[in-house]
Amino acid sequence: MAEFKLIHLVKELLNVTGVNDDAHSFVELVQRMPLRTESNTYGCSSTIFQNAVQNLAQVVPNSQLFLEKLEYLKERNVDSLGEYVQLLNYISQDSRVKDLLQMKKARSQFESLTTETMSTKGAIEQVKTRVKRASKLFKGRDLDKSWSERNLQLSKTSSITSWVQRRPSMSWDFSSITLTTSRMQLENIPDISQENILIEDLLNILIGLPGCYIDPLKLQDQYATREFSLCDAIDPSLKDLLKQILPLASHYSTVQRFTEEKMRFEFGQVCNALAESMNSLIIDYTLFVTQMETEFRSGNLNLHKLWFYIQKNLHNMSFMSNIATSISKSDAKGGKVLSLLHDHITGYIGDTQAQQLCLHLMQAACVPYMNMLGMWIYKGIILDPINEFLIEDNEMVQKEEMPVDYSADYWDKKYTIRRERIPTFLEPVSDIILRAGKYLNVIRQCGKAVNHKVESIEYKIEQKHYIDAIDKAYKFASINLLDLVLKEKDLLGRLKSVKHYFLLDQGDFIVTFLTLCEKELNKDVADVIQGRLDSLLDLALRLSSSNNDPYKDDLCTELLPYDLQHQMVKIKTVLSIEERNLFLTAQKKTNLTVIESFAFSYEVKWPLSLILNRRSLACYQMIFRHLFYCKHVERMICQVWRSNKVAKSFPFLSAKQYRLAFALRQRMLHCIQNLEYHMMVEVIEPHWSAFMQKIAKVSNVDEVLTCHCDFLDACLKDCMLTITSLLNTITNILAICVKFCKFMQGEGSLNITDGQQQTEKVESFRESIASLDLEFSEALKELLEQINGLNKETSDHERLYNLLYRLDFNSYYSGQFEKLGLKNVRMNISG
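Residues numbered from 1 in each chain as written. Predicted model: local features only at pLDDT ≥ 70, side-chain atom pairs only at ≥ 80, totals over all residues. Heavy atoms only, no water.

Trainee: Would you take a moment to explain the side chain of Gln-506 for this structure?
Mentor: With respect to the secondary-structure elements, Gln-506 resides in the loop between helix H20 (491–502) and helix H21 (507–516). Residue classification places Gln-506 among the buried positions, given a relative accessible area of 14%. Polar contacts involving the side chain of Gln-506 include one to the side chain of His-500, which spans 3.2 Å. Here Gln-506 is in contact with His-500, Ser-545 and Ser-546, once residues within four sequence places are set aside. (Helix = DSSP H or I, 4+ residues; strand = E, 2+ residues; numbered from the N terminus. Buried < 20%, exposed > 50% of the residue type's maximum accessible area, 1.4 Å probe, protein only. Polar contact = N/O pair within 3.5 Å; in protein donor to acceptor, adjacent residues only side chain to side chain. Contact = heavy atoms within 4.5 Å.)

Trainee: It is not clear to me how the environment of Asp-508 should be interpreted in this structure. Could you clarify?
Mentor: Within the element layout of this structure, Asp-508 appears in helix H21. Accessibility expressed as a relative area gives 34% for Asp-508, which makes it partly exposed. Asp-508 sits 36 residues away from Ser-544 along the chain, and the two C-alpha atoms are 6.0 Å apart. Within the structure, Asp-508 has its side chain in polar contact with the backbone nitrogen of Ser-545 (distance 2.9 Å).

Trainee: Can you help me understand the confidence of the model for the protein chain in this one?
Mentor: The predicted coordinates of low-pLDDT regions are not to be read in fine detail. Here the protein chain shows a mean pLDDT of 78. Residues at 70 or above account for 73%. In this model residues 115–121 is a low-confidence stretch, pLDDT under 50, and it forms three contacts with partners more than four residues away in sequence or in other chains. Below a pLDDT of 50 lies the segment residues 138–158, which in the model reaches 36 contacts outside its immediate sequence neighbourhood of four places, other chains included. (pLDDT = per-residue confidence, 0-100.)

Trainee: Please clarify how the nonpolar core should be interpreted in this entry.
Mentor: Considering soluble globular proteins, one finds that nonpolar side chains tend to be buried as a cluster. Grouped together as the largest cluster of nonpolar side chains are 202 residues, with contacts concentrated most on Ile-377, Leu-426, Ile-433, Phe-509 and Phe-600. Filtering out sequence-adjacent residues up to four positions away, Leu-426 remains in contact with Tyr-369, Leu-373, Leu-390, Ile-433, Tyr-466 and Ile-470. Core analysis: the next-biggest nonpolar cluster, separate from the first, contains eight residues, Phe-49, Val-53, Phe-66 and Leu-81 among them. (Core = buried A, V, L, I, M, F, W, Y, C linked by side-chain atoms within 4.5 Å.)

Trainee: Explain the pattern of salt bridges here, please?
Mentor: A side chain with one charge can pair with a side chain of the opposite charge if their charged atoms come near. The tally for this structure, following the rule as stated, stands at 31 salt bridges. In this structure, the salt-bridge partner of Arg-226 is Asp-173, at a minimum N-O distance of 3.3 Å. With Arg-226 in the loop between strand S1 (214–216) and strand S2 (228–230) and Asp-173 in the loop between helix H9 (163–166) and helix H10 (191–206), this residue pair connects regions lying 53 residues apart in the sequence. The salt bridge involving Asp-173 is made with Arg-257; its shortest N-O contact spans 3.6 Å. Here Arg-257 lies in helix H11 (residues 236–262) and Asp-173 lies in the loop between H9 and H10, a separation of 84 residues in the sequence. (Salt bridge = Lys/Arg side-chain N within 4 Å of Asp/Glu carboxyl O.)

Trainee: Even after reading the chapter, I still don't get unusual backbone geometry, so can you show me in this structure?
Mentor: Apart from glycine, the bulk of residues carry a negative phi angle, and the bulk of peptide bonds sit in the trans form. Residue Pro-607 is bonded to the preceding Trp-606 through a cis peptide linkage, with omega at 10°. Position of Pro-607 relative to the elements: it lies in the loop between strand S6 (598–602) and helix H27 (614–644). The backbone of Asn-387 sits at a positive phi, close to 60°, despite the residue not being glycine. Position of Asn-387 among the secondary structure elements: in the loop between helix H16 (352–379) and strand S3 (391–393). A relative accessible area of 44% places Asn-387 in the partly exposed class. The residue Met-720 is not glycine, and still its phi comes out positive at about 65°.

Trainee: Just checking my understanding: could you explain the packing of aromatic side chains for this structure?
Mentor: Counted by the stated rule, this structure contains 28 aromatic pairs. With a centroid separation of 6.1 Å and 15° between ring planes, the pair formed by Tyr-459 and Tyr-466 is classed as stacked. Neither Tyr-459 nor Tyr-466 differs from the other in exposure class; each is buried. Ring centres of Phe-691 and Phe-711 lie 5.1 Å apart, and the angle between their planes is 15°; this geometry places the pair in the stacked category. Highlighted residues: Phe-691 in helix H29 (residues 659–695) and Phe-711 in helix H30 (residues 701–718), separated in sequence by 20 residues. As far as burial versus exposure is concerned, Phe-691 and Phe-711 are alike and both buried. Here the aromatic cluster, defined as three or more aromatic residues joined through ring pairs, consists of Tyr-501, Phe-502, Phe-509, Phe-513, Phe-598, Phe-600, Tyr-602, Tyr-620, Phe-624 and Phe-628. The ring of Trp-688 carries Lys-499 above its face, with NZ or CZ at 5.3 Å from the centroid. (Phe/Tyr/Trp six-rings, centres within 6.5 Å; stacked < 30°, edge-to-face > 60°. Lys NZ or Arg CZ within 6 Å of the ring centre and 35° of its normal.)

Spelled out as structure tokens, the structure:
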């Protein structure tokens, strides 16, 4: 049975029995038990199975019931019945396991009894009796302690117990169990004979075996340098030679400890590969020591020759020891290990031997990391069980959740770079590596096969080899995803469709829609059924030129629970912290009308939702709501103009009374139309044209995203949506215009007949119009002052100055304000 499966089964058994202990210790106990080797060892017809049944039948309280139950299970061919009976037999034969289970049972009974209400003296005595019985049963045994002492300290990652920890005497690193051998007295031995004895002792020390006259000292910590003590009777000259040679054994000990530790899988594939490479060099080193022993047996070796022969191995082992110590002390894994090796390669440029050795170790350690890199840049797949790779999959969004309610966070946050895992030599191309895999991942999630052969990437001192391979893979992924988005998914067609509806590019559609929905738009949100708006939208699409749009069915209506100003807060990139706090603290408007909460929504599917993501659609919605409300106000003013045409039939003196109202209506119409012209003709169209020109030159999807975001940000800024003061002033102007229209179509409607009008009503009408005129003039003056006060030293607001010229054409308003004695409007408009 595989060790993983055995540990899993033992863990389940411990959970069922309620024992909170380490499964590895129980597995070790089972593995030490003697096993018989037969064919079909655990089969129900095997000898072992029959013996186990006989043993269990003798120890169970009711053997007849046990045998009947066993036959019942055998008739139904229960899986693993033989293994289960064998395990029960082992438990019945091991007194420690039985005692542990009995102690657990006694604890459970005690806990259940103490939870009950014990109000009688008999119940208390019963508890005392059980406690005494349990204490006698387990007297002198501290099973919990014995098992806990055998538990092994594991890393945070689940691990298999290292054989070095289970069987420390098997490690070739000076076992803690020293061999008791009789030592010869060196004082009376000649120097030549003493040298031969020390060489034999030294050859053992060089491969981690205990010696007689050279003793390894106990390590101060796990990564300390191994020290040795020499027998005092050794000749001083020989002792000096030994001190020169023994650092080789110290380095060997450090490397041996490193390889034995890093072979465990929780340290990652890179450390495993590096330890394996070092282990192969240790094998060569062991072969060298064996050759030295052969020379010694032939009588051709002394300490001076040995010192000469070990020079190359001493240099290499010292270098590997430095690498092992730096990696162990920094607790490095994955890319950090490769960075340390790369630093060693660049740091030993003058030492060819050390550089070649480090290059050999680096190439071996890079193999698993480069395999992960290849799967990512060629297939878009991350195979990283121990978190070593520089790209991390956060798995925050599943593909099934993407089509409708989608956020740009997927593209920005699902795949992220972990800077601490980037090898130094891959730092310049880390962003390219990230994008290459992201592009391929998107293609795969679209159901497209990624027909890209995974090529092997090797580490070399010349970076050109792997840099060229990464660039080539990136270009392949970039071109394929861009073709998928632009051609197969028709990104430009989608963008034009969005422009038709959200940026009011389709004039006949918006006029038709406003005509159909005019009554609904003036109602409160609570009084409107959204299904009716959807029906009217569908009718408007069919009756206009939008009927030819293949994507018209993706458009739908939406009634938002906030007005335009509060929607600004949701676009985090367009407001400063102060402006956002100002909006958040403002009183949210209640009882919204449909026109104040109405917006279009657009359904976008993967992978176009990368570009037309939630934030982008929110920006489109803001621009649309602003333009749509302006169009609505313009229609209201035009309706007032149509109703005022009845004044042509009035006598001159009667019609003259409406002159101020007609002039105010025309000024309002002029203001609204210029605002619309500025946003649609001078802002959106030029920015759209520049956007289309940039899209034609892009080479990857990230450039498309950047161009699209720049387009939306520019439109929001030049449409005065990102400047809080300007937006508030324009909203105030629109509200005054709506107030005027409602007044003219209500109390101020033209109902004069035969020139007869009551004097009191005429005066009230004149006062109302004069008040609205002054209110509108003040709001417009404030808007002109705000535009004029923008920074002219930069080109950020050039387009707004054109609006200033048209709204205050020929300094009309500036002159009027001065004549009326209002606050002076200082306009330093440069020609």
